[in-house]
Amino acid sequence: MRGLLPIAVVVAGLAAVPLATQSNVVLNFLVVALMIALAGQGWNILGGYGGQYSFGHAAFFGTGAYTTAILQVHCDVNAWLGFLAGIAAGAAAGAVIGGLAFRAGLRSSYFALVTLAFAEVLRIFASVASITGAGVGLLIKLDLHPQAFQFRSRAIFYLVILALVAASLIIAHALERSRFGAWLVAVRENEDAARALGVDATAVKVVAMVISAAITAAAGCFYVQYFLFVDAPIAYGTWISIEALLTPIIGGAGTVFGALIGALVVKSIGEGAKFVTGDIPGLDLMTFGAVLVLVIGFAPRGLVGTFVDAREALARRVVSMRKSVRGATRG
Amino acid sequence: MFSAPILISAIVNGLLTGSVYALVALGLTLIYGVLHIINFAHGALLSAALFAAFFAYQKAGLDPYLALFLLAPAFFGFGYGLQRYLIGPAARGDERAMLLVTLGVAVLIENALLYAFRADTRTIDLPYAFKTVDVAFTFVAVPRLISFAVVFVVAFALWLIMTSTDTGKAIRAVAKEKLGAELAGIDVPHIYAITFGIGTACVAIAACLLIPTYYVNPSAGNAFVLIAFTIVVLGGMGSVPGALIGGFVIGIVESLGGFFFGESLGQAGIFLIFIAVLLVRPRGLFGASA
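Residues numbered from 1 in each chain as written. Chains lettered and ligands numbered in written order. Predicted model: local features only at pLDDT ≥ 70, side-chain atom pairs only at ≥ 80, totals over all residues.

Right, let's get into the overall build of chain A. Within chain A, the secondary structure is distributed over 15 helices and two strands. What you see for chain A is a C-alpha radius of gyration of 21 Å, in line with the 20 Å of a compact globule of 331 residues. Overall size of chain A, expressed as C-alpha extent along the three principal axes, is 85 × 50 × 40 Å. Counting over 331 residues, chain A shows a buried share of 50%. Considering only residue pairs separated by 6 or more positions, chain A has 77% of its internal contacts joining residues 24 or more positions apart. (Helix = DSSP H or I, 4+ residues; strand = E, 2+ residues; numbered from the N terminus. Rg over C-alpha atoms; globule rule 2.2 N^0.38 Å. Buried ≥ 20, exposed ≤ 12 C-beta atoms within 10 Å, placed from the backbone. Contact = placed C-beta atoms within 7 Å.)

Glancing now at the overall build of chain B. Helix and strand content of chain B: 11 helices and two strands. Its C-alpha radius of gyration of 19 Å places chain B within 12% of the 19 Å reference for a compact globule of 290 residues. C-alpha extents for chain B along the principal axes are approximately 60 × 45 × 35 Å. Within the span of chain B, comprising 290 residues, buried residues form 51% of the whole. In chain B, the proportion of contacts linking residues at least 24 apart, taken out of those at least 6 apart, comes to 77%.

Next up on the list: the environment of Ser320(A). Residue and element names in this part refer to chain A. Counting through the fold element by element, Ser 320 comes out in helix α15 (residues 302-330). A tally of 10 C-beta atoms within 10 Å means that Ser 320 is categorised as exposed. Considered as a pair, Ser 320 and Leu 142 are 178 residues apart in the sequence and their alpha carbons are 64 Å apart.

The next thing to look at is the confidence of the model for chain B. Reading predicted coordinates in detail is not appropriate for stretches of low pLDDT. Residue and element names in this part refer to chain B. In this model, chain B carries a mean pLDDT of 85, and residues with pLDDT of at least 70 account for 94%. The spread of mean pLDDT over the elements of chain B runs between strand β1 (residues 132-135), the lowest at 75, and helix α8 (residues 188-210), the highest at 93. Across the interfaces of the predicted complex, the ipTM metric reaches 0.83, alongside a pTM of 0.87. (pLDDT = per-residue confidence, 0-100.)

Take unusual backbone geometry next. The backbone of Ser108(A) sits at a positive phi, close to 30°, despite the residue not being glycine. Within the secondary structure, Ser108(A) is located in helix α6 (residues 108-126). Positive phi, close to 55°, is recorded for His36(B), a residue that is not glycine. Inspection of the secondary structure puts His36(B) in the loop between α1 (4-35) and α2 (42-60). His36(B) sits in the partly exposed class, given 17 other C-beta atoms within 10 Å.

Next up on the list: the nonpolar core. Counting 212 residues, the largest nonpolar core has Val24(B), Ala49(B) and Ala53(B) as the members making the most contacts within it. No other element matches helix α10 (residues 201-227) of chain A, which puts 18 residues into this core. Excluding residues within four positions of it along the chain, Ala53(B) makes contact with Pro64(B), Ala67(B), Leu71(B), Ala207(B), Cys208(B) and Ile211(B). (Core = buried A, V, L, I, M, F, W, Y, C linked by C-beta atoms within 7 Å.)

This part covers α6(A). Over its 19 residues, α6(A) extends 27 Å from the first C-alpha to the last, a length consistent with the 27 Å expected when each residue adds 1.5 Å. Summarising burial for α6(A): 16 of the 19 residues are buried, a large majority. (Expected span 1.5 Å × (residues − 1).)

This next bit is on the interface of chain A and chain B. Contact residues are listed per partner, giving 35 residues for chain A and 33 residues for chain B. Broken down by secondary-structure element, the contributors of at least two residues to the side of chain A that touches chain B are α6, α12 (238-251) and α14 (283-298) of chain A.

Once that is clear, we can look at the environment of Gly104(B). Tracing the backbone shows Gly104(B) in helix α4 (residues 95-117). Spatially, the C-alpha atoms of Gly104(B) and Phe271(B) are 23 Å apart, while their sequence positions differ by 167 residues.

Residue and element names in this part refer to chain B. The geometry of α1 relative to helix α9 (residues 220-235) is characterised by a closest axis approach of 8 Å and an angle of 65° between their N-to-C directions. Relative to α9, α1 is oriented so that their crossing is right-handed. For the pair α1 and α9, contact is made by Tyr 21, Ala 22, Val 24, Ala 25, Leu 28, Thr 29 and Tyr 32 and by Phe 224, Val 225, Ile 227, Ala 228, Ile 231, Val 232 and Gly 235, respectively. Classifying every residue of the contact of α1 with α9 gives 12 nonpolar, two polar and no charged. (Axes fitted to C-alpha atoms, helices over the stretch in contact; angles between N-to-C directions. Left-handed = near helix turned anticlockwise from the far one by under 90°. Nonpolar A, V, L, I, M, F, W, Y, C, P; charged D, E, K, R; others polar.)

Residues and elements named next belong to chain B. The end-to-end C-alpha separation of helix α5 (residues 142-164) is 33 Å, in line with the 33 Å expected for 23 residues at 1.5 Å each. Along α5, the residues classified as buried are Pro 143, Arg 144, Ser 147, Val 151 and Val 154. Tucked into the core, α5 has its buried residues touching α1, β2 (138-141) and α8.

See below:
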């Protein structure tokens, strides 16, 4: 059970926030940050643990969002069922895209390109098809009842997204301790060597893509329930592809808490930039770009990785200091 | 409805548009062929170059075709510095890191442009922008004919550089065998940066050719670059003739696709070709091995 304790502490700490403040600004900030953390955790499963960098996770975010919205608007399906269906649809999209790309043997840049292209194709189709509301988008009917997955209080929404993030943290933790997780990391470190040792690398990557897509799709489903609106530039736009990869990279790819920490940092930077410039767009994303380059340049393992390295270096120094002190007292 | 003159006109238009696509793709494929990275910042650099060409005309009254001689060296220098002092040191040769760094640079440049110039779409009015000549059953705008010719001049100049200068030979040596080139005394980071500079200069030239008939906004370059990716993949990553031929093929496909299915679905068609080529034959039709 080692490793679950930090998750419990972090989640309990975050769950206590509504007790301290009911401020809409704070809660709204945290809801959006946790939503991005969830999307980022999805990316982290495939990109962080598996080393397959997708530049098109919008494909899953958007598929989840649209499925939830379409089922409610056109088919009158209950929102909770729609939510589950959205996650399932996202996972299916992951299976299709992952199956095609990994079976074709696409790696690194090629994989990044093909995921990007899939997201773009979906965006173009969503912006012309009538079922997705074409250029207008889809509006969910306001119905503030828990059975419609809509809540009067922002604090409830916050606890719902926190529960989803907690589940994603536990999934990452379970992955780290499982045989499957070990295969996935082996594929990241050296795919040919992993194959030589009998790991079915293609199957491992496809399964990772399905899990990854399902988690990111859950973020998309939540987006729809929270904002009650979706259109093609939101659902399949590059913004979400970029934020989904940015958060784990900044926080620490291939770590349990990387995406969560990265999302809080990225969103704080974004809010800071907005505070400085007001309504002029661009500065927030501009800083994201700069932070991405800086992190790759100076802290390629992200904040968590850098912290772990620093702690280990410190521990080593303490040990060597103790040794020298012992040596000095003996001598 | 689909009479021959309309079809021919669509094909001629596709060829002319394709020439500029080919130029953008040329820069991309060159960078890939030597540095083995997909430069995700290519589109943002094109947007930046479009803005530069726009303001050169708007503020200084410089004709885009003259601005070309200023912007191409300027962007060569910019690209050189970008690779030498930012992308190269930050990525330390790791392929995944390079992907992310070029993406970061793309986000940075695009949003810096958005912040500085807002999302407004701008165009320039040249006196000769709407002059046309009669070519094979159809009327063609003069600026597009000029760009068609310039692309061939640039491609020829590049071929000359690659085959007959020492720098060109060094670039080809690094592309073929990096370690060997390094052992032979070639300064690899310098050659990388020069290649990146040439690729960026191609983008600047493309911007000067585009601005008379096209528009500029902070994401104007992206449309071209996704198409350029398609061309590069179609023609084979790192293959220069592949980029040229691929450019014309995609230009015609887009023109005919838009003609039969409407413009936005024509775009989707390009991406579907892209995905299909990646999945079926990732080395491209001209098979330059990566």
